[in-house]
Amino acid sequence: MAYYNEKIETLPKAELEKLQYQELKVLVDRLYAKSPFYHDKMKAAGVLPSDIKSISDITKLPFMRKTDLRDNYPDKLVCCPKEDLVRYHVSSGTTGKPTVVAYTKNDLDTWSEAVARSLASCGIGRGDVLQVAYGYGLFTGGLGLHYGGEKLGATVIPASTGNSERQIELIQDLETTAIACTPSYFVHLIDVAKKIGVDISKDTKLRTAVLGAEPWSESMRRYIYDQSGVTAHNIFGTSEISGPMFTDCQELNGMHISGDIAYTEIIDPETGESLPAGEKGELTMTILTKEAIPMIRYRIGDITSIFPDECPCGRTSPRIDRLQGRVDDMLVIRGINVFPSAVEHALLRLPELTSHFMLEVTRNGPLDDMLVKVELKPDAMTDSINGLIGLQFRVERTLRDALNVSAKVELCPPNSLPRFEGKAKRVIDTRVF
Ligand code: ADP
Ligand code: K
Ligand code: ZN
């Protein structure tokens, strides 16, 4: 197992907790003294810096939410002299008005350190050529993977998104061994490679993909491996915590959250209470050393759980399960909770289907109707009406079994549904509440 920073990645739990406490203490003292926002927030919650006596006392501190950033748009939460800032990013605003995040030099170093550790845990190293096909710009994915990859010593290609045939050409000509992008874009690249006669598993050196920025499923991991011979790792992050930075290691069983950088809690979204390992709830993170815009107990909104057991890879940091989507991505269809990622997972069980789908929810009188448009693989196309009706019936049954709610299914010909270079937007919900 290659570590980027072995000592800290394998720190015994008790020592890690001591370190986390020291970091939290420094952070809270500083914010209470210097930031009117945190000072007022802590006062309102009736907690003083002196109440924080161990890392578990973190639960005494108030939560932060995305609305805190929105309400303080653009930069009222910045807690350091303005001239110490070295970068801004602006989030894509998938769930409303965009938010601004800011970084000091140390913040960027910490973020790159986290990405370098994660890439190393995916088996990527100095000898690798890493093609970064996340968007460069205001979105955090491109630059985040870029600087993390360089810090690790990998050879980085700043490809950004788009121009898919050129991406395949770069993969071939520069002997790319690893790629970072969204899962939907990687699936699109596999299709494009096939179309131009390139077999990724035979004609390229690409073997590792680091995929994130949107929910995806375990069956997608298998699908990608079957179609391209590429092992796909999951990477998670949000702009508020800096950007994408935590991945699953070579065990492919949960994403390690470096404990000296972030303190992870899973809380009950209704009551705000901390939940024990193994239980599903809302992911909440504290970035322990952040300078520009510190995030304490930030409620990220994604649903996941912390694995209760230790990882065989030797890293002592906690691991979180694959994220199903945010609380607000969840659709409630006839009273049943449905995550779009669960639809993808179910569809990929049928060999006739691609991973391209769209989900349309409408209200029909008092009832919700869900229409799932699914795209067929070219060799699943047939002129036989019986064949198509039979397939449609099987897709409907598979979805009903997986989701506990029935959906209408529309089979669509190959290449007819939208493709996405950044985050996929697969849900059209026209219901009015
Ligand atoms: P925005 O809020 O504008 O979407 P971000 O680009 O920071 O800003 O998006 C972060 C969100 O993206 C996360 O809260 C999560 O919902 C989603 N996300 C990121 N990576 C993953 C992943 N690997 N799996 C599932 N969801 C992810
Ligand atoms: K993201
Ligand atoms: Zn591990």
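Residues numbered from 1 in each chain as written. Chains lettered and ligands numbered in written order. Predicted model: local features only at pLDDT ≥ 70, side-chain atom pairs only at ≥ 80, totals over all residues. Heavy atoms only, no water.

- Where an unreviewed UniProt entry is consulted, the protein appears under the name Phenylacetate-coenzyme A ligase, with the organism given as Methanorbis furvi.
- UniProt, in its Subunit (unreviewed entry) section for the protein, records the words "Monomer." (UniProt positions renumbered as here; feature names shortened; annotations may be inferred.)

### Points about the coordination of the zinc ion (ligand 3)
Now for step 1: Within the protein, C249 (SG), H256 (NE2), C311 (SG) and C313 (SG) serve as the donor atoms for the zinc ion (ligand 3), at 2.1 to 2.3 Å.
Now for step 2: One can describe the donor arrangement at the zinc ion (ligand 3) as tetrahedral, given that its 4 donor atoms subtend angles of 105 to 117° at the metal.
Now for step 3: In primary sequence terms, the donor set of the zinc ion (ligand 3) follows C-x6-H-x54-C-x1-C. Taken together, the residues span a long stretch of sequence, with H256 in strand β9 (residues 255-256) and C313 in the loop between β12 (298-304) and β13 (319-320) at a distance of 57 residues. When sorted by exposure, H256 lands in the same class as C313, which is buried. (Donors = N, O, S within 2.8 Å, 3.2 Å for Na, K, Ca; no water. Tetrahedral: all angles 85-135°; square planar, octahedral: opposite > 155°, others 65-115°. Helix = DSSP H or I, 4+ residues; strand = E, 2+ residues; numbered from the N terminus. Buried < 20%, exposed > 50% of the residue type's maximum accessible area, 1.4 Å probe, protein only.)

### Overview of the sheet that holds strand β4 (residues 155-157)
By definition, the strands of a sheet pair up through backbone hydrogen bonds, in either a parallel or an antiparallel sense.
Now for step 1: Reading across from one edge, β4-β3-β5-β6-β7-β8 is the order of the 6 strands in this open sheet, with mixed pairing throughout. The sheet is open, and its two borders are formed by β4 and β8 (243-247), each paired with just one other strand. Each strand axis lies, on average, 25° off the axis of its neighbour in the sheet, ignoring direction.
Now for step 2: Of the strand pairs in this sheet, strand β3 (residues 129-132) and strand β5 (residues 178-181) are connected by 3 bridges, and their pairing is parallel. When the sheet's bridge partners are listed, Q131 is paired in β5 with I179.
Now for step 3: Relative to the sheet, helix α6 (residues 140-152) contacts β3, β4, β5, β7 (231-238) and β8, its axis offset from that of β3 by approximately 165°.
Now for step 4: The sheet strands contacting helix α10 (residues 218-228) are β6 (208-212) and β7, and the helix crosses β7 at an angle near 135°. (Pairing = 2+ DSSP bridges. Axes fitted to C-alpha atoms, helices over the stretch in contact; angles between N-to-C directions. Contact = heavy atoms within 4.5 Å.)

### Quick look at the environment of S217
Now for step 1: Structurally, S217 can be placed in the loop between β6 and α10.
Now for step 2: Residues S217 and S341 lie 124 residues apart in sequence; the distance between their C-alpha atoms is 6.3 Å.
Now for step 3: Here S219 takes part through its side chain, which lies 3.4 Å from a polar atom of the side chain of S217. (Polar contact = N/O pair within 3.5 Å; in protein donor to acceptor, adjacent residues only side chain to side chain.)

### Overview of the pairing of strand β2 (residues 100-104)
Now for step 1: Within β2, 5 of the 5 residues are buried, leaving the element largely enclosed by the surrounding structure.
Now for step 2: With burial as the criterion, each face of β2 is covered, one bearing V100, A102 and T104 and the other bearing V101 and Y103.

### Let's talk about the sheet that holds strand β19 (residues 427-429)
Now for step 1: Spatial strand order, β18-β17-β16-β19: 4 strands in an open sheet with mixed pairing. Lying at the two open borders of the sheet, with one neighbouring strand each, are β18 (408-412) and β19. Direction aside, neighbouring strands of the sheet carry axes that sit 15° apart on average.
Now for step 2: In terms of strand pairing, strand β16 (residues 353-364) meets β19 through 3 bridges, oriented parallel. Within β19, the residue paired with L359 across the bridge is V427.

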